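Next come the chains, spelled out residue by residue.
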Amino acid sequence: MIPRIDAAALTDPQHAGHAAARDAAATAATGVGFLTIHNTALTPARVSDVIVAYRAFFHLPAAAKQTVDMSRTGSNRGWGASGSEQVNPDANPDYKQVFDCGVTLPASHPYRTAGIPAYARNQWPDQPADFAPLLRRYFTDACLVARGLLVAILNAVGEDGPFFADKFGTPMALLRGNFYPRRPASAGARDFGIATHTDYGCLTLLATDGSPGLEVRQRGGGWIPVSAPPGEFVINFGEMLEIWTAGRVKATPHRVIGTQDERISVPLFFNPDHDANVAPAGAAPVMALDHLQRRFNETYVHLQKT
Ligand SMILES: O=C(O)CCC(=O)C(=O)O
Ligand SMILES: [Fe+2]
């Protein structure tokens, strides 16, 4: 149902397995909206190092994490405490914690001086050591992998992949560490690690520590569990790509209820440039920034207008 695809076969038209990988990716992108990918440029050891660093950060005392608390800012860089995001208005705010970072731009960059929140300054904690350089390098390389996969998957569904890829020059991509503590004993039916939602952007490249928890809504009803050890990635698509492809590529709802074990996942939300028009050809323009900022303002509790 959710195919497991070799990234080299998918992205290299000369690869012996290309046609099969391409067909499986197209079926997944236009159907269930999820696939898993292995054999990318991001090695299992690399992803494990990133997960170890996030775990060290999330295990710090709250006072240390509060030094980079995003709720003290007007944007979404740094730590988000448990309850800081409500992805579904019918559920309570999620009990996960997050750490969000994006592209690093000099303070003099026009997007920074214009004060575009999607390009806000990253906030880095003092601990763990080397957290910033590790995540910056991972962000850069994960964006390259995401871009290659996006082109290949769009080509597979019969779209003009390079046309889309061209709109990711200074992407509003967001790298997140999700930390799910053990599900609280008091949690009820409206409490989730992350409640049912669709992602906002184009392609999500999700690494996890291998623990179960992610569930994908099946079109006919019911939930499909998906897991991926470090070095394998879950790929899904967001609202902007569904809009942009006039509904061909599916943004599928998913959730994490949570278990008795803590869990870490690391999505890279590969969002386009702020001024990319993500409307399908012939439709009224939809600026990527407008869509993303509206969704941020709806879901981050500190950005919600009451
Ligand atoms: O933790 C996961 O496996 C999924 C997280 C997720 O859906 C998200 O951060 O948007
Ligand atoms: Fe998600």
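Residues numbered from 1 in each chain as written. Chains lettered and ligands numbered in written order. Predicted model: local features only at pLDDT ≥ 70, side-chain atom pairs only at ≥ 80, totals over all residues.

Requested: an account of the sheet that holds strand β7 (residues 203-208), with residues and values cited.
Reading across from one edge, β1-β2-β10-β7-β12-β5-β4-β3 is the order of the 8 strands in this open sheet, with mixed pairing throughout. The outermost strands of the open sheet, each flanked by one partner alone, are β1 (4-6) and β3 (78-80). Strand-to-strand, the axes of this sheet are offset by a mean angle of 25 degrees, without reference to chain direction. Each of β1, β2 (34-38) and β10 (233-237) touches helix α2 (residues 18-30); the most contacted strand, β1, lies at about 140 degrees to it. (Pairing = 2+ DSSP bridges. Helix = DSSP H or I, 4+ residues; strand = E, 2+ residues; numbered from the N terminus. Axes fitted to C-alpha atoms, helices over the stretch in contact; angles between N-to-C directions. Contact = placed C-beta atoms within 7 Å.)

Account for the UniProt feature "domain: Fe2OG dioxygenase" (unreviewed entry) in the protein, naming residues and giving values.
The UniProt record marks residues 170-272 with the feature "domain: Fe2OG dioxygenase" (unreviewed entry), using the residue numbering of this structure. Across residues 170-272 one finds 6% helix and 40% strand; the C-alpha atoms that close the span lie 8 Å apart. (UniProt positions renumbered as here; feature names shortened; annotations may be inferred.)

Please give an account of the site of ligand 1 that cites residues and values.
Every residue close to ligand 1 is listed here: Arg176, Asn178, Ile194, Asp199, Leu206, Thr208, Gly213, Leu214, His254, Val256, Ser265 and Pro267. Going through the elements one at a time, β5 (174-180), β7, β11 (254-256) and β12 (263-270) are the ones with two or more residues in the shell around ligand 1. (Near = placed C-beta within 6 Å.)

Any chance you could break down the sheet that holds β11 for me, citing the residues and the numbers?
Reading across from one edge, β6-β11-β8-β9 is the order of the 4 strands in this open sheet, with antiparallel pairing throughout. Edge positions in the sheet fall to β6 (194-197) and β9 (223-226), since each of these pairs with one other strand and no more. Adjacent strand axes in the sheet meet at a mean angle of 25 degrees, parallel and antiparallel pairs treated alike. As paired elements, strand β8 (residues 214-217) and β11 share 3 bridges and run antiparallel to each other. Within β11, the position partnered with Leu214 by the bridge is Val256.

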